[in-house]
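# What the coordinates show
The primary structure of each chain is shown beneath.
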Amino acid sequence: DAKTTQPPSMDCAEGRAANLPCNHSTISGNEYVYWYRQIHSQGPQYIIHGLKNNETNEMASLIITEDRKSSTLILPHATLRDTAVYYCIVRVAWGNFGNEKLTFGTGTRLTIIP
Amino acid sequence: SAVISQKPSRDICQRGTSLTIQCQVDSQVTMMFWYRQQPGQSLTLIATANQGSEATYESGFVIDKFPISRPNLTFSTLTVSNMSPEDSSIYLCSVVGFYGYTFGSGTRLTVV
């Protein structure tokens, strides 16, 4: 399974953009990058995913490098409610019957500072 | 995205006993996943449960310890058998849909 590497923790000032890096150097050509976050031991919450193009939704932007070996999640205007553990995950898929799974790494604990 | 209901939300159990956790989804899904999250740790995939077939377990997890049922496309159970304090964790179920994976709120298990 493709592994991801993230910094264990980061701080960001409230109102500023939070940029969370992720390394996934062993990713295969058809494997998607997913980002989830987990607030206070709740179930993980979906943020965004992408294959090779940059993606943007109402929560965040995802920038994937051209070689796909790394990506950055951007929260454009961080608020205190964005304090959470953020997981960068490579979705593994195989076979002809839609077999797939998410394997979580250790994540980045993001703290938004007032 | 799918809505997942997990029961119980938390429980305190005696060592040596078993607990069955239920996961109900509001729509039909092919694949359901069970994860464990030990205190202060990330999520670890236990097994994948497809309706009509045996669950597929990840390395380090066995059916005798974590039997799984998947009787239909909206429901699954995970049993934690012969519990020890090391089984104290949050157990989460997850399903995959068009917009990605949705997770239940988890079952917080404490074994005493």
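In what follows, the accompanying structure is described. This is a predicted model, so every value here is computed, not measured. (Residues numbered from 1 in each chain as written. Chains lettered and ligands numbered in written order. Predicted model: local features only at pLDDT ≥ 70, side-chain atom pairs only at ≥ 80, totals over all residues. Heavy atoms only, no water.)

### Observations concerning the sheet that holds strand β1 (residues 4–7) of chain B
All names here are of chain B. Formally: At least two DSSP bridges between two strands are needed for those strands to be called paired. Helical segments are the DSSP runs of H or I of at least four residues, strand segments are the runs of E of at least two, and each set is numbered from the N terminus. An axis is simply a line fitted to the C-alpha atoms; with a helix, the fit covers only the stretch in contact. Between two such axes, the angle follows the N-to-C directions and lies from 0 to 180 degrees.
On the basis of which strands lie adjacent, the open sheet formed by four strands has the order β1-β3-β8-β7 and antiparallel pairing. A strand with exactly one partner marks an edge of an open sheet, and here the two such strands are β1 and β7 (68–72). Averaged over all pairs of adjacent strands, the angle between strand axes in this sheet comes to 15°, irrespective of strand direction. Both β1 and strand β3 (residues 19–25) contribute to a ladder of four bridges, which runs antiparallel. Within β3, the position partnered with Ser5 by the bridge is Gln24.

### Observations concerning the pattern of salt bridges
The condition that has to hold: Criterion for a salt bridge: a side-chain nitrogen of Lys or Arg within 4 Å of a carboxyl oxygen of Asp or Glu. Working definition: with a 1.4 Å probe on protein chains only, accessible area under 20% of the residue-type maximum means buried, over 50% means exposed, and in between means partly exposed.
Using the criterion set out here, one finds four salt bridges over all chains in the structure. Put simply, Glu100(A) and Arg91(A) hold a salt bridge, and the shortest N to O gap is 3.6 Å. Each of the two residues, Glu100(A) as well as Arg91(A), counts as buried. For Asp87(B), the salt bridge goes to Lys65(B), with nearest N and O atoms at 2.6 Å. Taken as a pair, Asp87(B) in the loop between β8 (75–80) and β9 (89–97) and Lys65(B) in the loop between β6 (56–57) and β7 lie far apart in primary sequence, 22 residues in all. You'll find Asp87(B) and Lys65(B) in the same group, each marked buried.

### With respect to the sheet that holds strand β6 (residues 61–64) of chain A
All names here are of chain A. Ordered in space as β2-β7-β6-β5, the four strands form an open sheet in which the pairing is antiparallel. Lying at the two open borders of the sheet, with one neighbouring strand each, are β2 (18–23) and β5 (55–56). Across two bridges, the pairing between β5 and β6 is antiparallel. Within β6, the position partnered with Thr56 by the bridge is Ser61.

### A closer look at the packing of aromatic side chains
This is how it is decided: Classification of ring pairs uses Phe, Tyr and Trp, with its six-membered ring standing for Trp, and accepts pairs whose centres are within 6.5 Å; under 30 degrees between planes counts as stacked, over 60 as edge-to-face, and the remaining range as tilted.
Tallied over the entire structure, the rule returns 13 aromatic pairs over all chains. Ring centres 6.4 Å apart and planes at 55° place the aromatic pair Tyr36(A) and Phe104(A) in the tilted group. Taken as a pair, Tyr36(A) in strand β3 (residues 32–38) and Phe104(A) in the loop between β9 (99–102) and β10 (108–113) lie far apart in primary sequence, 68 residues in all. Grouping residues by exposure puts Tyr36(A) and Phe104(A) together as buried. Taken together, the aromatic side chains of Tyr34(A), Tyr36(A), Tyr46(A), Tyr87(A), Phe104(A), Phe33(B), Tyr35(B), Tyr101(B) and Phe103(B) make up a single cluster linked through ring pairs.

### Notes on the interface of chain A and chain B
Heads up, the condition is: Any two residues whose heavy atoms approach within 4.5 Å are treated as being in contact. Accessible area that two parts lose when put together, evaluated with a 1.4 Å probe and summed over both, is termed the buried area. Polar contacts, as used here, are pairs of N or O atoms within 3.5 Å; protein pairs need one atom able to donate a hydrogen and one able to accept it. Residues neighboring in sequence count only if both atoms are side-chain atoms. The nonpolar class holds Ala, Val, Leu, Ile, Met, Phe, Trp, Tyr, Cys and Pro. Asp, Glu, Lys and Arg form the charged class, and all remaining residues, Gly among them, are polar.
Between chain A and chain B, the residue contacts involve 17 residues of the former and 20 residues of the latter. Buried area between chain A and chain B, both sides added, is near 1400 Å², and the carbon and sulfur share of it is 53%. Of all residues in chain A, Glu100(A), Lys101(A) and Phe104(A) bury the most surface against chain B, accounting for 31% of the area lost on that side. Joining chain A to chain B, the criterion identifies one salt bridge. The partner of Lys101(A) in a salt bridge is Glu58(B), with the nearest N and O atoms 2.8 Å apart. At the junction of chain A with chain B, the criterion picks out six residue pairs in polar contact (both at pLDDT 80 or more). Looking at the side of chain A that touches chain B, the elements with two or more residues in it are β3, β8 (84–94) and β9 of chain A. Among the elements that make up the side of chain A that touches chain B, the one with the highest residue count is β9(A) (four residues). Broken down by class, the residue content of the side of chain A that touches chain B amounts to seven nonpolar, seven polar and three charged.

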